[in-house]
Each structure stands twice: as C-alpha cells, then as structure tokens.
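Observations on chain architecture
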Amino acid sequence: MPKNEKLKSILIIGSGPIVIGQACEFDYSGSQSLRSLREDGIETILINSNPATIMTDPSMADHVYLLPLTTKSIIKILKEHPQIDAVLPTMGGQTALNLCIEADEKGIWEDFNVELIGVDINAINITEDREKFRELMGTIDVPMAPQLTATSFLKGKEIAQEFGFPLVIRASYTLGGAGASIVYDPEDFDELLRRGLEVSPIHEVMIDKAMMGWKEYELELLRDKNDNVVIICSIENMDPMGIHTGDSITVAPAMTLSDTTYQRMRDMAIKMMRSIGDFEGGCNVQFAVSPDDKEDIIAIEINPRVSRSSALASKATGYPIAKVATKLAIGYTLDELDNQITKSTSALFEPTLDYVIVKIPRWNFDKFEGSDRTLGLQMKAVGEVMGIGRSFQEALHKATQSLEIKRNGLGADGKGYKDYNQIIDKLTHASWDRVFVIYDAIQMGIPLSQIYDITKIDMWYLRQYEELYQLQKNISTYTIDTIEKDLLLEAKQKGYGDRQIAHMLGCLESEVYNKREELNIQRVYKLVDTCAAEFTAKTPYYYSTFENVIETSSGETYSHNESIVSDKKKIVVLGSGPNRIGQGIEFDYCCVHGVLAAAECGYETIMINCNPETVSTDFDTADKLYFEPVFWEHIYDIIRHEKPEGVIVQLGGQTALKLAEKLDRYGIKIIGTSFQSLDLAEDRGSFSTLLKEHNIPYPQFGVAETADEALALADELDFPILVRPSYVLGGQGMKIVINKEELVEHVVDLLRKIPNNKLLLDHYLDGAIEAEADAICDGENVYIIGIMEHIEPCGIHSGDSNATLPPFNLGEFVMQQIVDHTHTIAKALNTVGLINIQFAVKDDTVYIIEANPRASRTVPFIAKAYGEPYVNYATKVMLGEKKVTDFDFNPHLDGYAIKQPVFSFNKFPNVDKRLGPEMKSTGESILFIDSLKDDEFYNLYSRRKMYLSK
C-alpha cells in the first residue's frame, strides 16, 4: 500500500543548536528527511533555531522557521499554516522528542488537529520511563540489569543499600547521558544521586546494578506499518560497558560476537521493537553481553527515533536510514521502496559489508581547563571520525589519521607515552587517547592479559594491536633500500601511513612514497555499496585500500580499481574533518554549497571528508565522495587519480586551509585565493607591513619564538598583552596576560604544547568594541555581505560573542572606516572568494585584529539572516565563472538578527565558565528581534561584561 494520500503538509522539528550529546547527526537526518518528503510532493515546514546548518537552508523546506524550539513557536507556526496535517518529531534527536511530548501534554496537536507520524507518544513514554520499560521487558522475557526507580533522595539510598556497589545512576528524559554516573564508593553516592535528580526534568533516576566489563552492542533497525523489520547494521563498542556509546570507539559490523549470539540479539531487538507500540521508522537498540563463553544478553535501552548512531550506520552501510524512515512514516512499506544504492533491488534487505568501519570520537578537553578527562556514562565528545578499510587494522589507522590531533596513526610517530605509571593510569581511568595508549602499552611489553584485566577490551582487539606492533618491529630492522615489496605492501594494507613507515625506516616520507611508486604499490578505490558487490551499485561513494597485484595468464598485471575517472572537468572540495570547538558544522554548510555551485558551473564535483555526521558525506551530495582522512597522503593520491582542474580549500575551515601549502608545493592549483595570499594573512609580520602601506591602524604587536623574546617585547607593548600562537583555529592557546610572570608561564606552556610555533603578542585594546565583516571579492570588486557588532567587549572570542547584524551602536564615521578597510584589505590580499575581517573600535578609530581570506563561522548566519546564497556566489567567483558585479544582491532583514553562542558547560561541572579569547561554545542559535527595545536584547546587553576572563 503506497503512501498515505491524506498527508499533504508536514511539520518537522529540528534539533536546535549543537551541544555535546546532540550534534550534526541530526542535521544530516533532518536534511535527508526533508528531501525525502519533497520527493513525494509533500509541503514541508521546518522549525529549527540553528543557522549554521544545511537543514535550515531556504532550499531545504518550503517554509523554514528559525525560531526558538518552544511550544510558543509551535503554536505560532500552526496558526500561520492551518494546512499542516502531521508532525514528524523523530529526526531532531531528544530535543525534538521532548518538545513533541510537551506539545502533546498541552493538547497543542489535538487543538490544531495535527497527527503524530513516525512514532507513537506511548512508544516514547515507554522507552523514556525506565520503570514502564522494565515492566514491559519483563512481560516479553527480555532480561535487564537489576534496576529500580528513585524519585526521591531517600528512595535512592534504599536502593543502593539493596543492590550494593558499583552502581549506575541514570537521569530520566536527558540527552547524551546527562546526569549519569558510575558510583564505586558509598561516599560519592549522595552527591551523584542529588545531581541526577536535579538534572532530570521529572526528577527521576534509575539505579542499576553496574554491568562493568560487559561488552556493549547496538543494532540499527527499521520497521514499517506491516511489521516488516530490517536490521541495517550491528555496531560493536570496542570499549566495554561503563563508557557512553558516544565516547566509545565503535566498530561495524560487530567483530567478536558469535553467530548464534547475534541471532539471539536480533530476535530480541525485533521483539522489543514490536512490543513498544505502533510506529514506523528507525530505531536504535543497545545491549550488553557477558564477556564469557555463555554470552548472556541483557537489554540496556531502545530509542524509537533516528539516533546518533544512525548517521554512522547510514554512512557505514550506504543505506540512508533517515530517508527510508521518513518514507515509512508517511505510509510506504519497505518492499515498495527502492534500495537507494542499487536502484534495482528493494529496500527490504539487510546490508552486507565487505569492509570494516571504525568510529573514533573527537574531544576538546583543552578548551575546558580543569575538566575531568576520564570517560564515563556522560558523553563528552564534540565530534567523531570514521575510517573505512578492508580490515579492522586499516580502518583503525585511517580513523586515527582523521582525528587531526597531530598524530600520524597508531604508534610509529615518536609521540607515544613512555612512562609505565602514566600508561597504566590512562588505561585504568579510561582516557580520551586510550586508542593510542594500548599501542604504547604493548610497545612497552605490558602483557595483553594485564591490559585486558584493566580495560576489559576484548582480547581479539588487543591481538590486532599486537600484530601491528610486531609488524612495526619487523619493518624497523630494514632500511628504505632493503625493505621487501611484500612487507611494504603489508604495512600499507594494515593502514600505516607513509610518514609512519618513514619513521620506522629512518628516512623521509617522500622516499617511502617514491619506493611505493617504484614497486607499484598503489591505492585502489572500492565502492561502498550495501550488498558486498552482489548487485551493481549506482552510488559514487568510495574508500581506498591496497591490493596484491593480480597477474593474468597472458602476463598482464592489474589491481581492481572501482573508481572510474571520467573525462569531465573536475573540482575537488576539501571537507572540514571532525567537528570540534572552533570548527563546527558551519564549514560543512559551506562545503555543501561549494559542491552545488561547482556542479551548476558544469564541473564534476569530488568531496573528500571523514566526518560521518554531516551532509557533505552523504553519498548524493557530490558527484563523487571519497570517505577518506583529510590527510595529505590520501588527498594527494586522490588528486593524482582524478586529475582535477583544482582544489577548493577556503570552505573547509582550518583543516583544508592547512593543506594549501602542500598543494601549492606540489603544483596543484588552489581554486580562489592563492596560497601566497592565505599565508600572507596568517603571517603577522607581512600582514602588518601590508596594513602599514595602506595606512590602516592595528594594535601594536610583536612576534616571539622564546620566553626571552616575549619579555623583551613586553617592555615595548605595555600590558595587558594578548598572546596567541599562529595557524590555529578557535582561539586555541590565546590568553590575555597582565604581568611578566603570567606572560612567561603562558609562553612556556604554549611552546611546550605547540613546539616551533611563532607566538604573536598584541597590545590588548581594553574596553574596545569588537566588530567583524564578511565579504566576497573577485580580486578587483568587493561586496560586503554583512557587518556585525559584538555585544560583548573586545577580548571575548568572536565565536563566543553574541553577534548582531546589522550593527546597533556604531556611528557613520566608524561604519565608513569598516567599509573602507574591508575593501582595501580584500583587494590588497588579492582575495578571490570569501574573506572575514575582525575589528576593534576604540575612540572612534577602527583597528584591524585579523583577516582570514576564507569562509568564516559567520557566513551561514549572514546567509540565513539576509536570505541570500552567499557561498554559492563566492564559489562561482572562485571558479572564475562570475565577477562580483554579475550578481543582483538583494538582502532582506527586518530588524536585527543575533547569532547567539550555546555552551555545553553542563558536561564539565568543575570548569571555569568565564569567557575569554579562547573559544568554548559548541554551537549557535539565531534570534530575530524587531527592535533594540526587545527584552531579550536588553538582557544580553546588560550581561555583556559578566563573563570576561583574562
């Protein structure tokens, strides 16, 4: 039976600003869902307050409401659109579900005659109310850990007495494990119980007997109204129970599960899904399995919505879960839908993987000084990366190379830990970098049995690590001249980078590359096709690997490369890698628009990225997707294979920008602003000379490479001084110092963390107003897309400031200086594409803080506020297809738009929450106000100096 013909207009609830625990996976699922509905001719209305995402782009839905996610906003939309038939709340994470429940409790859906699709309110309530869920599992004979509910402090104490320690406390109705904790000692219990009760919106916690050391698994399922169920993906957590799945290293398909246990788990998941009520769509089920031969299974939880893992499962299998879940919500059944990959088989099938994927979370603890870095039940990661390989070892190496934490992979880069006690401590108290520490422990000679006893990571994984270390030991006995082809090929097949092999052989990376060329050890590209190549796949979605060369009977040699190069002119867009503070989803928005604009100009578009959460890594965003680390070796091989016209680097944040020098050195064309101009803007000395030549004021500054040089400079500059390293993003390592002791301490610390870096010391303009401008330039003409004034004073990072568009308090004289300086600098830097310039305004003089000739964090915000596709225009300028003067700019904004930062401090209770020059916000929302008399603006303005820290 095809779709429900009564559904003509549907409201989708988005997930709002990005916070730890709810990131851009839901931007991906929401975007897919909107596209899926529009394919069926259904009118789409979207509410989401996040300006940085593709999901809120005007092209995504028929009506986009950038409003706060409240029932007040829902009522406003339903009044304006009485034609809305249904609401789909399963695409926007916990935020959307919670808002949907609140609207249901207030009778809003009933008042406006709006049907709930994709999920049943009872199903949400049963899965969120742990007491009801436990009772239901009891009736269908699905075992769970001993568990009881507490709605009071006293009841919690009684339960602890009954169960004994260790215990797990979980707060009801929260996201990303907020309020959850493992309690080993009775003396910690009172405080953690109190925190859990406070965090839960209904002041309820579940207390479980802790299943520490049990193995953790997830299944991603889809179900239609005829009760057809498919299991899309099994995911195994390499980390045992006790670490939140969002903070775990996960592997798909499951590696250490016997087939009989997997079949039992499947049956259990399907039984659970069918028992919780009538709903059509995606579902995520989590299980724990005992680490012994019995492999007992207990259920942990079930989420009747697309989850954080469904983005990962979609990218891992190539099966677009959110897209299909949406079709099921509007009445289709699985057997009626096409498999999106083959286009010739049905969606009623379970993907088969002939490769392995490894997901590693990305943390930002450096932004939260004093935070507890031990991993536990409460999620702390800000993003994630995924590696695809033919083996676990290859996928693990590719994932570690994708993290961008100055590591070249596991081991073999001279950066491992050497101290026995430190290694044991990091294994005992699960550390964020334990994926590397396991290798260091094996290298030190710590027996696998001891590592297993401490970590409870399955012995199979530890043996995989041990094999890698044995290979490193073996290679280290050779030189670049004596290494045999088979050994070098094995190292590449197991994921070792050329840089690591060079480290083992004591030679240069380029020598290893040349040796591979000489021995014909070349990357080949394979399709991600959902069906292990049983059917022909139509999707251009690739990963790289190494194969033995096959020799035919006629003596010809070949290896099978599934990525066929066309004769069209091509453009590569470098993605922004994992999400982190300072480089978030805004750059994914820019990359996607860059790809679409290049396609409009007739280019074949190629995307390189490794972030499974985003729209840029959707298999049908670009003409070809290479799901590979944004890591030089991988990029260079793709470029040599595809031979593009050039590479766009200015849309992928600092990740892509850092590769500009290498591209330039290897003679690969950078599309848009040249490397020389990008470098000039980063080099403070050259940039200041340029400003001086054009009579543009800037704060007094100097460059230091040692603490002594910094002290000598301090006498010239006067305190307070802003100290910052060069070539970093999000204000990393920036600090305002007020005396020589602080200066020396910070400089020494920075040079230890970032060796050989040039430090910039600026005289800090105390009490200045900060403003910024974004512009498009074609080398001759400049168009300013937006000028923003920050509500907070100068000294708070622009990413943490409330930015107001247009400015509210800058006189005509100041505005003219901003316009003049922007035009002068954009042209002087020979900018082709986007540029962002930051200003400090003091005593009616506009000083230049910095200029970045690339897409900035604020571009999507300005595009949404003015309703103009600025990245599309800028890309066409970069490609030389258009001049700035060819566009008919028509920005429209009534009143003001404010970009409001959102913080995730609740994950780090002991951290200093004051703001300063280093960015700490994880996301943003947009607020529209009619006038400056608005209460919300008044509140923001009155609090503007509250957070300034030095």
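Structure: see above.
Here's a quick rundown of the structure. (Residues numbered from 1 in each chain as written. Predicted model: local features only at pLDDT ≥ 70, side-chain atom pairs only at ≥ 80, totals over all residues. Heavy atoms only, no water.)

Some thoughts on the layout of surface pockets
To keep things clear, this is the line we draw: Think of a 1 Å grid over just the protein atoms. A cavity is a set of points where a 1.4 Å probe fits yet cannot get out, a pocket is an open set with protein on both sides within 12 Å along at least five of seven lines, and lining residues have an atom within 4 Å of a point. Grid points are joined across faces, edges and corners, and a volume is the space filled by probe spheres set on the points. Here a helix means four or more residues in a row that DSSP labels H or I, a strand means two or more in a row labelled E, and each is numbered from the N terminus. Under the convention adopted here, Pro, Cys and the residues Ala, Val, Leu, Ile, Met, Phe, Trp and Tyr are nonpolar, Asp, Glu, Lys and Arg are charged, and Gly plus all remaining residues are polar.
Computed from the structure, the second largest pocket encloses a volume of approximately 1200 Å³. Around the second largest pocket, the lining comprises 45 residues; the ones closest to its centre are Ile-182, Asp-372, Thr-374, Leu-375 and Gly-376. Of all the secondary-structure elements, those providing two or more residues to the lining of the second largest pocket are β8 (181-183), α8 (186-199), α13 (420-428) and α15 (448-455). For the lining of the second largest pocket, the element with the highest residue contribution is α8, accounting for five residues. Split into classes, the residues belonging to the lining of the second largest pocket amount to 20 nonpolar, 14 polar and eleven charged.

Brief notes about the side chain of Arg-580
Defined as follows: A 1.4 Å probe rolled over the protein chains alone gives each residue an accessible area, and that area as a share of the maximum for its type sets the label: buried under 20%, exposed over 50%, partly exposed in between. Think of a polar contact as two N or O atoms within 3.5 Å of one another; within protein, one of them needs to be a possible hydrogen donor and the other a possible acceptor, and neighboring residues in sequence only count if both atoms come from side chains. Between two residues, a contact is recorded if the distance between any of their heavy atoms is within 4.5 Å.
Within the secondary structure, Arg-580 sits in the loop between β21 (570-574) and α20 (585-600). Using a relative accessible area of 13% as the deciding quantity, one classes Arg-580 as buried. Of note is the side chain of Arg-580, whose polar atom sits 3.0 Å from the backbone oxygen of Ser-576. When residues no more than four places from it in sequence are discounted, the contact partners of Arg-580 are Arg-362, Asn-364, Val-382, Glu-404 and Thr-655.

Some points on unusual backbone geometry
Geometrically, the link from Phe-165 to Pro-166 is a cis peptide bond, its omega value of 0° lying close to zero. Look at the link from Phe-719 to Pro-720: it is a cis peptide, with omega at -5°. The phi dihedral of Asn-695 is positive, around 55°, even though this residue is not glycine. For Asn-695, the position within the fold is in the loop between α25 (684-693) and β25 (701-704). For Asn-695, a relative accessible area of 68% gives the class exposed.

Here we look at the packing of aromatic side chains
Heads up, the rule is: By convention, a stacked pair of Phe, Tyr or Trp rings (six-membered ring in the case of Trp) has centres within 6.5 Å and planes under 30 degrees apart, an edge-to-face pair has planes over 60 apart, and any other such pair is tilted. Remark: a charge is flagged as sitting over a ring if the NZ atom of Lys or the CZ atom of Arg is within 6 Å of the ring centre and within 35 degrees of the ring normal.
This model, assessed by the stated rule, comprises 25 aromatic pairs. Between Phe-165 and Phe-189, the aromatic rings sit 5.9 Å apart at their centres with planes inclined by 80°, giving edge-to-face as the arrangement. Of the two residues, Phe-165 sits in the loop between α7 (153-163) and β7 (167-171) while Phe-189 sits in helix α8, which places them 24 residues apart along the sequence. Looking at Phe-189, the relative accessible area reads 2%, which means it is buried. An angle of 75° between the planes, with centres 5.1 Å apart, marks the rings of Phe-808 and Phe-937 as edge-to-face. Taken together, the residues span a long stretch of sequence, with Phe-808 in the loop between β31 (803-805) and α28 (812-828) and Phe-937 in helix α31 (residues 935-942) at a distance of 129 residues. Phe-937 carries the same exposure label as Phe-808, and that label is buried. Ring-pair connections join several aromatic residues into one group, and the members of that group are Tyr-783, Tyr-870, Tyr-873, Phe-887 and Phe-889. In this structure, Lys-569 packs its charged tip against the face of Tyr-603, placed 4.2 Å from the ring centre.

What to know about the pairing of strand β34 (residues 896-902)
Where we set the bar: We call two strands paired when DSSP finds no fewer than two bridges between them.
Among the seven residues that make up β34, seven are buried, leaving the element largely enclosed by the rest of the structure. Going residue by residue along β34, you find Tyr-896, Ile-898, Gln-900 and Val-902 tucked away on one face and Ala-897, Lys-899 and Pro-901 tucked away on the opposite face as well. Across three bridges, β31 lies against β34 in antiparallel orientation. Bridged to Ala-803 within β34 is Lys-899. Relative to strand β35 (residues 923-929), β34 runs antiparallel, the two being bridged by seven bridges. Across the sheet, residue Lys-899 finds its bridge partner in β35, namely Ile-926.

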